[in-house]
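The residues making up each chain are set out below.
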Amino acid sequence: MTDVRAALRQQRIETPSWAYANSGTRFKVFAQAGVPRNPEEKIADAAVVHRLTGVAPTVALHIPWDRVEDYGALAKYAADQGVGIGAINSNVFQDDDYKLGSVTNPDPGVRRKATDHLLECVDIMDATGSRDLKLWFSDGTNYPGQDSIRARQDRLAEALREVYDRLGDDQRMLLEYKLFEPAFYTTDVPDWGTSYAHCIELGPKATVCIDTGHHAPGTNIEFIVAFLLRAGKLGAFDFNSRFYADDDLMVGAADPFQLFRIMHEIVAADALSAEAGIAFMLDQCHNIEAKIPAIIRSVMNVQEATAKALLIDADALAAAQRAGDVLAANAVLMDAYNTDVRPLLRELREEMGLDPDPIAAYHRSGYQERIVAERVGGEQAGWGA
Ligand code: PSV
Ligand code: MN
Ligand code: MN
């Protein structure tokens, strides 16, 4: 029987630098007081989340949103704050040059520029000690006939190969997919199957990143999780939740049951621990809610879903499955899901020397008042202007 408390204590959830900054939709960015003005201040906020939750020891960066002169110094700053640098997220979707695509663009000059950016991200990994390069491409087409679907796959494979070959022994590539948006007719990496096929072609250092918001409504995400786990090709999650499309809402807010089902597959495959090599990251934007409390809430939502998954009686489940007892098997899962795990998590935090209620602790800490007073002219995360 899994040691539930030990597993929860060791859980690791990575927070994204951009979630601390101002964000919005293409309609409006609602600026908030006290948001970070630079990468250091985003890291400082991530460190606060880690100090209060005890399970968020790394922060993902997005380049160029987090561009600095000296990445070694940035990593040192993070270490002094008590956190590490997580995944380096590349950004080949914001320049005018990328109107017709980045690494799949018909223009070789644009492809070169995009690939050079990805290579620069590997340099940043070297400088910061980051293990993971996370790639998401907005590439695709809007109109039938606009470009050759097949040629774009060739161009994608060529760029991925060049970047893959540049990775160090301990570095990995995470290839994220997304059903649609900003391209509407074809997307060059639209689904897990496309990502998986490219990762297989590339080799063992390439794995799939599942962003929970990047699927068609009704998609069974836990099936994808189970499939990729079995194939040894699940590298990471970008957690968030959605009602309609790529909403980037707090993970577990829209569908906590889905998050539980995903974490059940993770627990069942013994893939929760850091050694299993799966990065559990948030990829969210807090457009109307207070940012740091929302990120703490998101971390807690992942913890709650994980605790419930850990409480599943695996022996009883296996016995019911063997016996073909559909109702009993389903009941085992639902019993765990319907357990209130909040008291367990409060106790665990106390054992870890933390406040049992991290959000209340944040509000009491005076940190919010301090950043509101000190930070004038907070940054926009990078998009949605
Ligand atoms: C794209 O929608 C995405 O999920 C990718 O992970 C990007 O890096 C991120 O969002 C930017 O917000
Ligand atoms: Mn994402
Ligand atoms: Mn997204």
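Right, let's walk through the structure included here. Quick caveat: nothing in here was measured; it's all calculated off a predicted structure. (Residues numbered from 1 in each chain as written. Chains lettered and ligands numbered in written order. Predicted model: local features only at pLDDT ≥ 70, side-chain atom pairs only at ≥ 80, totals over all residues. Heavy atoms only, no water.)

Topic: the sheet that holds strand S2 (residues 58-62)
Cut-off, in case you're wondering: Two strands make a pair as long as DSSP finds a minimum of two bridges between them. Helix numbering and strand numbering both begin at the N terminus, where a helix is a DSSP run of H or I of at least 4 residues and a strand a DSSP run of E of at least 2. Throughout, a residue-residue contact means that at least one pair of heavy atoms, one from each residue, lies within 4.5 Å. Here the axes come from fitting lines to C-alpha atoms, over the contacting stretch only for helices, and the angles between their N-to-C directions go from 0 to 180 degrees.
Taken together, eight strands build an open sheet; the order of strands is S1-S2-S3-S4-S6-S8-S9-S10 and the sheet is parallel. Bordering the open sheet on either side are strand S1 (15-16) and strand S10 (279-282), each of which pairs with just one other strand. Contacting strand S4 (132-135), strand S6 (172-176) and strand S8 (206-211), helix H5 (residues 149-166) runs over the sheet at an angle of about 150° to S6. Against the sheet, helix H7 (residues 221-231) touches S8 and strand S9 (234-239), its axis set at about 165° to S8.

Quick notes on the coordination of the manganese ion (ligand 3)
Definition in use: In this description, a donor is an N, O or S atom within 2.8 Å of the metal centre, a cutoff extended to 3.2 Å for sodium, potassium and calcium. Water is not part of the atom list, which can make sites seem incomplete. Throughout this description, buried means an accessible area under 20% of the type-specific maximum (1.4 Å probe, protein chains only), exposed means over 50%, and partly exposed covers the range between.
Surrounding the manganese ion (ligand 3) are the protein donor atoms His214 (NE2), Asp246 (OD) and Asp246 (OD), at 2.2 to 2.7 Å. A separation of 3.9 Å is found between the manganese ion (ligand 3) and the manganese ion (ligand 2). Placement of the pair is His214 in the loop between S8 and H7 and Asp246 in the loop between S9 and helix H8 (256-268), with a sequence separation of 32 residues. Judged by relative accessible area, His214 falls into the buried class, the value being 5%. Look at Asp246 and you get partly exposed, because its relative accessible area is 21%.

Some remarks on the environment of Val372
Relative to the helices and strands, Val372 is located in helix H14 (residues 367-374). Considering only alpha carbons, one finds Val372 and Pro144, 228 residues apart in sequence, at a separation of 49 Å. In this structure Val372 touches Ala33 and Gly34, once residues within four positions along its chain are discounted.

Description of the pairing of S9
This is how it is decided: Orient the strands so they point away from the viewer; a crossover is then right-handed if the path from the first strand over the helix to the second runs clockwise.
Of all six residues making up S9, six are buried, and the element is well covered by its neighbours. As paired strands, S8 and S9 are joined by four bridges and run parallel to one another. Looking at S9, one finds that Ile210 is bridged to Phe237. After leaving S8, the chain enters H7 and then returns to the sheet as S9, a path that is right-handed. Bridge count for S9 against S10 is four bridges, and the pairing is parallel. Bridge pairing in S10 places Phe239 opposite Leu282.

Everything listed is a geometric property; what it means functionally is a separate question.
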